[in-house]
Amino acid sequence: MRLLADYHTHTNYGHGTGQIEKNIQQAINIGLEELAITEHGPASHSIRRLGVRDSAQLLEIKEEAKAFDHEFEEINILAGVEANVISLDGRLDVPEFILKELDIVLAGLHLWVKPQDWDTGKRLIFDNLIGSKIGLTALEDVRYYNTQALIRAVQNYDIDIVTHPGFQLDIDTIELAKVCKENGTLLEINNSHHQLTVDFINVAVSTGAKFVVNSDAHTSEEIGKVDAALDLIRDANINLEQVINVV
Ligand SMILES: [Zn+2]
Ligand SMILES: [Zn+2]
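Quantities reported herein were computed from a predicted structural model and do not represent experimental measurements.

Undergrad: Account for the packing of aromatic side chains, naming residues and giving values.
TA: Enumeration over the complete set of coordinates arrives at 2 aromatic pairs. Judged by centre distance (5.2 Å) and plane angle (80°), the rings of Tyr 144 and Tyr 145 are edge-to-face.

Here it is, written out as structure tokens:
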């Protein structure tokens, strides 16, 4: 199996270390045809900022990426984002008018975000971190709210890829996969987070949803490294035609 494109990579605009140019050079070195630069949205925070300073910075990144796109003819460069779901009704941390300027939109659930309101903070952060562990919230409820928030984001926005489904926040795979199939949104098989299982892929495959394999690189060296993801594909009951960037 061979990876054609890596659609999920980070840079030093967020908490990655790779510079855009170095990431592109690495992608060319390993023979990729396409590379997307997808920094975390502005709500990504732990004790420090993990993503872009604000949504407008995504357009600065786009400008830089497009200049390199002209310079390096052997590869196609896409400017995008890995946006955060920040409310229970599926709102993203990047406004629609910025998303429309980008070549590719990724979105996912993360624990380390600034939620839009108190309720979201309780359901999507506290309950996932602590609530279910101390018995304050039933596991089924945690999964229900996580899944609903993500599904609504897929329905509300034109999202190309849902990143690392099930990472940090448990979700109902089949419900998400059905909605992704209806909306033409790809499910990611992420090489950096190893929560995905062959069972997840087999369940999602049964809905007819399509997949994309990505590195989620936070350093230049990790660009295009997807060995663990390809191992999962080998073991799963999936036809390669359902994976858009692997031949
Ligand atoms: Zn992520
Ligand atoms: Zn990422």
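Undergrad: Report on the sheet that holds strand 3 (residues 76-84), specifying residues and quantitative values.
TA: The strands making up a sheet associate through hydrogen bonds between their backbones, and the pairing can be parallel or antiparallel. Pairing within the open sheet is parallel, and its 7 strands lie in the order 1-2-3-4-5-6-7. Of all strands in the sheet, those with a lone pairing partner are strand 1 (5-6) and strand 7 (211-214), marking the two edges. Pairing of strand 3 with strand 4 (residues 104-108) involves 5 bridges; the strand directions are parallel. Within the sheet, the bridge partner assigned to Val 81 lies in strand 4 and is Val 105. Where helix 2 (residues 57-71) meets the sheet, its contacts fall on strand 2 (34-40) and strand 3, and the angle it forms with strand 3 comes to roughly 160°.

Undergrad: Report on the coordination of the zinc ion (ligand 1), specifying residues and quantitative values.
TA: Bound to the zinc ion (ligand 1) are the protein donor atoms Glu 82 (OE), His 110 (NE2) and His 164 (NE2), situated 2.1 to 2.2 Å from the metal. Here the donor residues of the zinc ion (ligand 1) share one chain and are spaced in sequence as E-x27-H-x53-H. Between the zinc ion (ligand 1) and the zinc ion (ligand 2), a separation of 3.4 Å is found, and both are coordinated by Glu 82. A residue pair is termed long-range when its members are at least 10 positions apart, and Glu 82 in strand 3 and His 110 in the loop between strand 4 and helix 4 (118-131) qualify at 28 residues. His 110 shares its class with Glu 82; the two are buried.

Undergrad: Please give an account of the pairing of strand 6 (residues 186-190) that cites residues and values.
TA: When you tally the buried positions in strand 6, you get 5 out of 5 residues, the bulk of the element. Burial of strand 6 is two-sided: the residues Leu 186, Glu 188 and Asn 190 facing one way and the residues Leu 187 and Ile 189 facing the other way are all buried. Note on the crossover from strand 5 (residues 161-162) through helix 6 (residues 173-183) to strand 6: the handedness is right-handed. Pairing of strand 6 with strand 7, which is carried by 4 bridges, proceeds in the parallel orientation.

Undergrad: I'd like a rundown of helix 8 (residues 227-235), residues and numbers included.
TA: Given 3.6 residues to a turn, an α-helix orients residues that are three or four positions apart in the same direction. For helix 8, every residue scored as buried is listed here: Ala 229, Leu 230, Leu 232 and Ile 233. For helix 8, the buried positions fall inside an angular range of 155° around the axis, keeping them on one side. In helix 8, those exposed residues whose orientation departs by more than 90 degrees from the buried face are Asp 227, Arg 234 and Asp 235. On its buried side, helix 8 packs onto strand 6, helix 7 (198-205) and strand 7.

Undergrad: Give a description of the coordination of the zinc ion (ligand 2) that names residues and reports values.
TA: Within the protein, His 8 (NE2), His 10 (NE2), Glu 82 (OE) and Asp 216 (OD) serve as the donor atoms for the zinc ion (ligand 2), at 2.1 to 2.3 Å. The coordination sphere of the zinc ion (ligand 2) comprises 4 donor atoms, whose angles at the metal cover 79 to 166°; the geometry is irregular. In the primary structure, the donors to the zinc ion (ligand 2) are separated according to the pattern H-x1-H-x71-E-x133-D. Residue classification places Glu 82 among the buried residues on the basis of a relative accessible area of 1%.

Undergrad: Please provide a residue-by-residue account of empty space enclosed by the protein, values included.
TA: Throughout the structure, instances matching the rule amount to 1 cavity of 30 Å³ or more. Counted as a void, the largest cavity has a volume near 40 Å³. Around the largest cavity, the lining residues are Val 85, Ile 86, Leu 109, His 110, Val 113, Pro 115, Thr 120, Leu 124, Ile 125 and Leu 169. Taken together, the residues of the lining of the largest cavity break down into 8 nonpolar, 2 polar and no charged.

Undergrad: Can you lay out the layout of surface pockets for me, pointing to particular residues and giving the numbers?
TA: In this approach a probe as big as a water molecule rolls over the atoms, and the regions it shows empty are the leftover space. Empty space within the largest pocket amounts to approximately 170 Å³. Each residue belonging to the lining of the largest pocket can be placed in one class, and the counts come to 4 nonpolar, 8 polar and 2 charged.

Undergrad: Describe the pattern of salt bridges, and please don't skip the residues or the numbers.
TA: A side chain with one charge may pair with a side chain of the opposite charge, provided their charged atoms come close. This model, assessed by the stated rule, comprises 9 salt bridges. Residue Asp 170 pairs with Arg 143 through a salt bridge whose shortest N-O separation is 2.9 Å. Here Arg 143 lies in helix 5 (residues 139-156) and Asp 170 lies in the loop between strand 5 and helix 6, a separation of 27 residues in the sequence. With a relative accessible area of 35%, Asp 170 lands in the partly exposed category. Between Asp 231 and Arg 234 there is a salt bridge whose closest N-O contact spans 2.7 Å. Taken together, the positions of Asp 231 and Arg 234, both in helix 8 and 3 residues apart, correspond to about one turn of that helix. What makes Asp 231 partly exposed here is its relative accessible area of 41%. One network of salt bridges, in which partners are shared, links Arg 53, Asp 54 and Glu 60.

The rules behind these values
- Residues numbered from 1 in each chain as written.
- Chains lettered and ligands numbered in written order.
- Predicted model: local features only at pLDDT ≥ 70, side-chain atom pairs only at ≥ 80, totals over all residues.
- Heavy atoms only, no water.
- Phe/Tyr/Trp six-rings, centres within 6.5 Å; stacked < 30°, edge-to-face > 60°.
- Pairing = 2+ DSSP bridges.
- Helix = DSSP H or I, 4+ residues; strand = E, 2+ residues; numbered from the N terminus.
- Contact = heavy atoms within 4.5 Å.
- Axes fitted to C-alpha atoms, helices over the stretch in contact; angles between N-to-C directions.
- Donors = N, O, S within 2.8 Å, 3.2 Å for Na, K, Ca; no water.
- Buried < 20%, exposed > 50% of the residue type's maximum accessible area, 1.4 Å probe, protein only.
- Right-handed = clockwise from strand over helix to strand, strands pointing away.
- Arc of directions from axis to C-beta.
- Tetrahedral: all angles 85-135°; square planar, octahedral: opposite > 155°, others 65-115°.
- 1 Å grid on protein atoms, 1.4 Å probe; cavity = no way out; pocket = protein on both sides within 12 Å on 5 of 7 lines; lining within 4 Å.
- Points joined across faces, edges and corners; volume = space filled by probe spheres on them.
- Nonpolar A, V, L, I, M, F, W, Y, C, P; charged D, E, K, R; others polar.
- Salt bridge = Lys/Arg side-chain N within 4 Å of Asp/Glu carboxyl O.

So yeah, pure geometry; function would need other evidence.
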